Amino acid sequence: MKNFLDFFINNIGILIALILICIILAFSTPVFLTQDNMLSVLRQVSTNMCLALGMTLIIMLGGIDLSVGSIVAMAGTLTVGFISIGEMGIIPAILLGLLIGTLCGAANGAAIAYTGIPPFIVTLAMMMIARGIGFIYSGGQSIRIFDDNFTTIGTGYLGVIPYPVIYMFVFIVVMLIIVNRTRLGTYIYALGGNREAARLSGIPIKRVEIIVYTIAGFLAAFAGIVLAARMYSGQPSVAQGYEMDAIAACVLGGISMSGGIGRISGTILGVFVIGIINNGLNLLGVNSFWQLVAKGVIIFLAVYVDILKRKRSKSA
């Protein structure tokens, strides 16, 4: 009961916004509250949820990761290619795809930790590298796959619940445990809050940075493989702008861009707000270009609110 009250109190603003959006859409289109549409929303947000969970750790650390969208495309393209072109078994192909994406995340973390290059530049470089690898491997073309054992990963159901939704909730539980119940979570908050104080306290800063970016790389690779299974193909051009959706969900959920402040619960709600807005605009027949405008406005307002909060806390 206490945890529920804490969740409500800590996220009162975004909860009210989410409820108001749902009420408006429920009156605007009768399709919105149907079971099929709700399951569709859950399936659609599952990819962004994976990316946003990893991005939450990174932003709380005081960093940023622009490469996750490219890792999604690369991991999905390579995995499908390993199966369709390389005739590799499904499990080895998936494990190899996950490993490559995870190593990209680890490379981000190591470069940031040991070179002193800002996270923005390091992950921008990885964004181009990962995307380029996907295009080089596939020759710039989509790679089709018709193996039901693979495509079921993204299209199958457990009862009425799509598999991607199940994966999403498993990762949510794992990330809640990491942030709230482990030493790593404590270290992330400490580093994001005051890096110098964390260093003087003996926190292994470089190790924490590498672990956090590695987790983000793994989550992006997993999301990419599931997305490829859903699309019956590996497409090196997909997931462009996915990193922006993940960042938008984080800042909307109250994750401070300055680091050290935020909760996984806020990110979860932020992902749902973004997903429901996209779904609602689609149901209302609004041009998809307006979704970009909506996301831009959301990011601007969320960051501005974060700045106002920090100014108020300093003056208090």
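Reading the values: the criteria
- Residues numbered from 1 in each chain as written.
- Predicted model: local features only at pLDDT ≥ 70, side-chain atom pairs only at ≥ 80, totals over all residues.
- Heavy atoms only, no water.
- Helix = DSSP H or I, 4+ residues; strand = E, 2+ residues; numbered from the N terminus.
- Buried < 20%, exposed > 50% of the residue type's maximum accessible area, 1.4 Å probe, protein only.
- Contact = heavy atoms within 4.5 Å.
- Areas by Shrake-Rupley, 256 points an atom, 1.4 Å probe, with all protein chains shown as cover.
- Core = buried A, V, L, I, M, F, W, Y, C linked by side-chain atoms within 4.5 Å.
- Phe/Tyr/Trp six-rings, centres within 6.5 Å; stacked < 30°, edge-to-face > 60°.

Visitor: Any chance you could explain the overall build of the chain here in plain terms?
Guide: When its secondary structure is counted, the chain shows 14 helices and four strands. Taken along its principal axes, the extent of the C-alpha atoms in the chain is 60 × 55 × 35 Å. Counting all 316 residues of the chain, 50% fall into the buried class. Put simply, 78% of the contacts in the chain that link residues at least 6 apart link residues at least 24 apart. Total accessible area on the chain stands at roughly 14900 Å², and carbon and sulfur atoms take up 68% of it.

Visitor: Teacher, can you tell me more about the nonpolar core here?
Guide: Considering soluble globular proteins, one finds that nonpolar side chains tend to be buried as a cluster. With 94 residues, the main nonpolar core has Met49, Leu53, Leu57, Phe150, Met168, Ile188 and Val208 as its most contacted residues. When residues of this core are assigned to their parent elements, the largest contribution, 16 residues, is made by helix α11 (residues 205-231). Filtering out sequence-adjacent residues up to four positions away, Leu53 remains in contact with Phe171, Ile172, Met175, Leu219, Ile264 and Thr267.

Visitor: Quick question: what am I supposed to make of the packing of aromatic side chains here?
Guide: Each aromatic ring pair is described using two quantities: the centre-to-centre distance and the angle formed by the ring planes. For the structure shown, the criterion picks out six aromatic pairs. Ring geometry for Phe82 against Tyr137: centres 5.8 Å apart, planes inclined by 75 degrees, an arrangement best described as edge-to-face. Here Tyr137 lies in helix α6 (residues 119-138) and Phe82 lies in helix α4 (residues 68-84), a separation of 55 residues in the sequence. Among the aromatic side chains, those forming a connected cluster through ring pairs are Tyr163, Tyr167, Phe171, Phe218 and Phe222.

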